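So the chains spell out like this:
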Amino acid sequence: MSILIPASPDAGSLHRDALTVLQPGFVGTTPPDWLRRHLAAGLGSVALFARNVTDPVQLAALTAALREDNPDILVAIDEEGGDVTRLEAGSGSSWPGNLALGAIDDPALTRDVARELGRALAACGVNYNWAPSADVNSNPGNPVIGVRSFGADPELCARHTAAWVEGLQSAAVAACAKHFPGHGDTAVDSHLGLPVVDADVDLLHSRDLVPFKAAIQAGAKAVMTAHIVVPALDTDHPATLSRAVLHDLLRARPEDGGLGYDGLIVTDGIEMGAIADTYGTAEGTVLALAAGADAICVGGGLADEETVLLLRDAIVAAVRSGRIPEQRLAEAAERVRTLGAWARAAATDSDGTEPDLAIGLRAARRALRVVRAPGRLYTPVLERPYVASFSPVANIAVGAETPWGVAGMLAARFPGTRAESFGPDDATPERIPALVGAVLAAAADRRIVLVVRDVHRHAWMAAAVDALLSARPDAIVVEMGVPQAPPVGALHIATHGAARVCGLAAVEVLTGQPPALG
């Protein structure tokens, strides 16, 4: 009597497929040897962050070196424009972010901005962008989305998500709509914990899923998962690890209740706290692939060869044990390769048009909302002011290294400008009187400019601003976050984001003259 023993997957192809589905990061501005070895062995993607970028020339050389080992590699970056920038982390972005574009509500402009951003990425050899954020910012207290969303209205978010996808991909850069099925109604940052979206299925379809449907219709090449639990869809697993979310909702045909998406599904960073602290990165990787994800984003925090080997080996072991069907991994790897081939062909067909870098400032100007206090005549700032910036702790997606505000721009125009920054420890209830006294003494007879970010989310910030306006009602307020709170101050400028161009546009209004672009 013979016994049939199932053939084990070919070790070479299995290891290659396991590498293909990883999208890891690394440290440095040139590719390390370990990364190049894995590219030659089948690694399908590489993730770039601010630590990998110094300038366009260096970045172009880096991406060219990566392609020497894999011509079809997906070179990914997290470049949303606005507050989340990796190309210009040291200076602030040349493009306004989603909230500014949503405030303008001109989809043609959104398409143009995304196209020019795409051209800038393509010129540096980047062909895959983890953007746009398609999240509907329905919770104004959201700690991680905020200005990264086009707004709180699903239809507005949908038309701008579609326009952004179309614009970016017209420049031969693959778009990735995120964070499916929607991270907008959360009060927890998934970098740090596991958020729960307690919405029923009808609300999800009428609100959170609307922009993703538009992204799919617009041809988005990738969709990124959210590390959130949506009990209406799956009570046991976060979306990234949920077959009910990734297969039954996102992948299944419309006649079967799904959205019919056939492109690449990539996870959000698998080392983020929502997954790593609950399941571990290796187990999270296995569960995500089994649930229907095609690619694993990793490297924002874990950026070394040990991580790549850990995840590769976990995938291989899961296939050999039957936890991940061999065909599931092969299918995922093929989707990565298909997108890589698309990106290579699109780059070949591109006309290489230089990006219009001025479009960002033009858009930022249109996004401004300026409110003057009734009965108060506003005169421009014509000499060195005093600038007080109130800085909340930056969320991890934005990063602490990217400058924001208007103090430096005003100092460049008016040497001798005085500027100070204050945080929550400076504005506790018992310290606010001393803070006000110090600001008034330092400002003396100068104009005071108060710069805030999401003042509605920070009671300490609101209390400090109120106290200062009571003492100096002629002070100007510049809100560079979500302008949820009522406008206050002799002049209130809402920029709808903290991109560098948003600050430049605000300075134009403050000073009554265009800033030097330098």
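Residues numbered from 1 in each chain as written. Predicted model: local features only at pLDDT ≥ 70, side-chain atom pairs only at ≥ 80, totals over all residues. Heavy atoms only, no water.

Asks: What am I meant to see in the sheet that holds strand β13 (residues 476-479) here?
Replies: The pairing of strands in a sheet happens through backbone hydrogen bonds and is either parallel or antiparallel. Read across the open sheet, the six strands follow the order β9-β14-β13-β12-β10-β11; overall the sheet is mixed. Each edge of the open sheet carries a strand with a single partner, namely β9 (369-372) and β11 (418-422). Each adjacent strand pair in this sheet contributes to an overall mean axis angle of 15 degrees, direction not counted. Here five bridges tie strand β10 (residues 386-390) to β11, and the two strands are oriented parallel to one another. Its bridge partner lying in β11, S389 is registered against S421. Along the sheet, helix α18 (residues 500-511) makes contact with β9, β12 (448-452), β13 and β14 (491-494), crossing β14 at roughly 160 degrees. (Pairing = 2+ DSSP bridges. Helix = DSSP H or I, 4+ residues; strand = E, 2+ residues; numbered from the N terminus. Axes fitted to C-alpha atoms, helices over the stretch in contact; angles between N-to-C directions. Contact = heavy atoms within 4.5 Å.)

Asks: Mind showing me how you'd approach the pattern of salt bridges here?
Replies: Note that side chains of opposite charge can pair when their charged atoms are close. This structure, assessed with the given rule, holds 33 salt bridges. E88 serves as the salt-bridge partner of R500, at 3.4 Å between the closest nitrogen and oxygen. Here R500, found in helix α18, pairs with E88, found in the loop between β3 (74-77) and α4 (98-104); they are 412 residues apart in sequence, far enough to count as distant. In this structure, a network of salt bridges that share partners links the residues R251, D262, D294, R328, E331 and R335. (Salt bridge = Lys/Arg side-chain N within 4 Å of Asp/Glu carboxyl O.)

Asks: Just checking my understanding: could you explain the packing of aromatic side chains for this structure?
Replies: Aromatic ring pairs are reported here in terms of the distance separating the ring centres and the angle at which the planes meet. The final tally for this structure, using the stated rule, is five aromatic pairs. Judged by centre distance (6.2 Å) and plane angle (75 degrees), the ring pair of Y128 and W130 falls under edge-to-face. Given the relative accessible area of 0%, Y128 is considered buried. Residue classification places W130 among the buried residues on the basis of a relative accessible area of 2%. Consider the rings of F390 and W460, whose centres lie 6.5 Å apart with planes at 50 degrees: the pair is tilted. Highlighted residues: F390 in strand β10 and W460 in helix α17 (residues 459-471), separated in sequence by 70 residues. The exposure class of F390 is buried, given its relative accessible area of 0%. A connected cluster of aromatic rings, assembled from ring pairs, spans F49, Y128 and W130. (Phe/Tyr/Trp six-rings, centres within 6.5 Å; stacked < 30°, edge-to-face > 60°. Buried < 20%, exposed > 50% of the residue type's maximum accessible area, 1.4 Å probe, protein only.)

Asks: Explain the sheet that holds strand β6 (residues 222-225) here, please?
Replies: Overall, parallel pairing links the six strands, which are arranged β2-β3-β4-β5-β6-β7 in an open sheet. In the strand order of this sheet, the two ends are held by β2 (45-48) and β7 (264-266), each with one partner. As judged from the four bridges shared by β2 and β3, these two strands associate in the parallel manner. Within β3, the position partnered with V46 by the bridge is V75. Where helix α6 (residues 154-169) meets the sheet, its contacts fall on β4 (128-129) and β5 (174-180), and the angle it forms with β5 comes to roughly 150 degrees. Across the sheet, helix α13 (residues 326-349) is in contact with β2, β3, β4, β5 and β7; its angle to β3 comes to roughly 90 degrees.

Asks: Mind showing me how you'd approach helix α8 (residues 210-217) here?
Replies: It helps to recall that an α-helix has 3.6 residues per turn; residues three or four apart then point in one direction. With six of eight residues buried, α8 lies mostly within the body of the structure. Three or more residues of α8 are buried, namely V210, P211, F212, A214, A215 and I216. Considering only its buried residues, α8 is in contact with α6, β5, α7 (201-208) and α9 (243-251). Just beyond α8, the residue with positive phi is G219, at close to 90 degrees.

Asks: Can you help me understand the confidence of the model for the protein in this one?
Replies: Keep in mind that low pLDDT regions are not for reading the predicted coordinates in detail. Of all residues in the protein, 96% have pLDDT values of 70 or greater, and the mean over the chain is 93. Every residue in residues 1-7 scores below 50 in pLDDT, and together they form zero contacts with partners more than four places removed in sequence or on other chains. (pLDDT = per-residue confidence, 0-100.)

Asks: Explain the packing of helix α16 (residues 432-443) against α17 to me, please; I cannot follow it from the model alone.
Replies: Relative placement of two packed helices is described by the angle separating their axes and the distance separating the axes. Between α16 and α17, the least distance of the axes is 10 Å, while the angle of their chain directions is 50 degrees. One way to sum up the angle between α16 and α17 is to call them oblique. In the packing of α16 onto α17, the handedness of the crossing is right-handed. Residues I432, L435, V436, V439 and L440 of α16 pack against A463, A464, A467, L468 and A471 of α17. Grouping the amino acids of the contact of α16 with α17 by side-chain chemistry returns 10 nonpolar, no polar and no charged. (Parallel < 35°, antiparallel > 145°, perpendicular 65-115°, else oblique. Left-handed = near helix turned anticlockwise from the far one by under 90°. Nonpolar A, V, L, I, M, F, W, Y, C, P; charged D, E, K, R; others polar.)

Asks: Sorry, what's going on with the side chain of T240 here?
Replies: Tracing the backbone through its elements, the reader meets T240 in the loop between β6 and α9. A polar contact of 2.8 Å, which involves the side chain of T240, links it to the side chain of H227. Residue contacts for T240: discarding those within four places in its chain leaves T225, A226, H227, L246, T267, I270, A288 and A291. (Polar contact = N/O pair within 3.5 Å; in protein donor to acceptor, adjacent residues only side chain to side chain.)

Asks: So what exactly am I meant to see when it comes to the environment of I493 here?
Replies: With respect to the element layout, I493 can be found in strand β14. In this structure the C-alpha to C-alpha distance between I493 and D72, which are 421 residues apart in sequence, comes to 46 Å. Discounting residues that sit within four places of it in the chain, I493 has contacts with L368, R369, V370, V477, V478, E479, A506, V509 and L510.

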